[in-house]
Amino acid sequence: MGTLKHNEATREMVGTKRLRYLTHTDNLMMAVIDFNDGPTSEPDPPHDHPHEQVTYVAAGEILFFYDGLPIRLGPGDMYTVPPNIPHSIQLLTAHVRLVDTFTPLRQDFL
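Summarised in this report is the structure supplied together with it.

## With respect to the packing of aromatic side chains
- Under the defined criterion, the tally for this structure stands at three aromatic pairs.
- Seen in terms of ring centroids, Phe-64 and Tyr-79 are 3.9 Å apart; in terms of plane orientation they differ by 20°. Their pairing is stacked. Residue Phe-64 is located in strand 5 (residues 62-66), and its partner Tyr-79 is located in strand 7 (residues 78-81); the two are separated by 15 residues in the primary sequence.
- Its relative accessible area of 4% is what places Phe-64 among the buried residues.

## Focus: the pattern of salt bridges
- This structure, assessed with the given rule, holds six salt bridges.
- In this structure, Glu-12 engages Arg-20 in a salt bridge whose closest nitrogen and oxygen atoms are separated by 3.0 Å.
- For the salt bridge of Asp-34 with Arg-97, the shortest nitrogen-to-oxygen distance reads 2.7 Å. Here Asp-34, found in strand 3 (residues 29-35), pairs with Arg-97, found in strand 9 (residues 96-103); they are 63 residues apart in sequence, far enough to count as distant.
- Overall, the relative accessible area of 7% leaves Asp-34 in the buried class.
- Arg-97 gets classed as partly exposed once you look at its relative accessible area, which sits at 23%.
- Sharing partners across several salt bridges, the network here consists of Arg-18, Asp-37 and Asp-44.

## Quick word on the sheet that holds strand 9
- Across the sheet, six strands lie side by side as 1-2-3-9-4-7; this open sheet has antiparallel pairing. Two strands bound the open sheet, and with one partner strand each, they are strand 1 (12-15) and strand 7. Each neighbouring strand pair of the sheet contributes to a mean axis angle of 25°, computed without reference to strand direction.
- As paired elements, strand 1 and strand 2 (residues 18-24) share three bridges and run antiparallel to each other. Bridge pairing links Gly-15 to Arg-18 in strand 2.

Rules of the game
Residues numbered from 1 in each chain as written. Predicted model: local features only at pLDDT ≥ 70, side-chain atom pairs only at ≥ 80, totals over all residues. Heavy atoms only, no water. Phe/Tyr/Trp six-rings, centres within 6.5 Å; stacked < 30°, edge-to-face > 60°. Helix = DSSP H or I, 4+ residues; strand = E, 2+ residues; numbered from the N terminus. Buried < 20%, exposed > 50% of the residue type's maximum accessible area, 1.4 Å probe, protein only. Salt bridge = Lys/Arg side-chain N within 4 Å of Asp/Glu carboxyl O. Pairing = 2+ DSSP bridges. Axes fitted to C-alpha atoms, helices over the stretch in contact; angles between N-to-C directions.

As structure tokens, this is what we get:
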């Protein structure tokens, strides 16, 4: 078992005003991403990956693009993405916090 305290986590810049910190086991990863560059006029470019993803919207509002359709999500909402499916988000508020979980581990995040 492991713990990670929010105020002790090492954060990585993953874009302009975008910070990420994470923890993982051998098979599961959780990443917290703080977006502080919203609202944005366009969605981020679509991307896909071979990982299953479940995301919790902890703060702010987004448009989640899946299969080309925008879905408005806010605090307490969640979304899932199967492997290899293009998806994207657009920030609707100044600050957004997403909590992403992935399996298997995203080696590109380590």
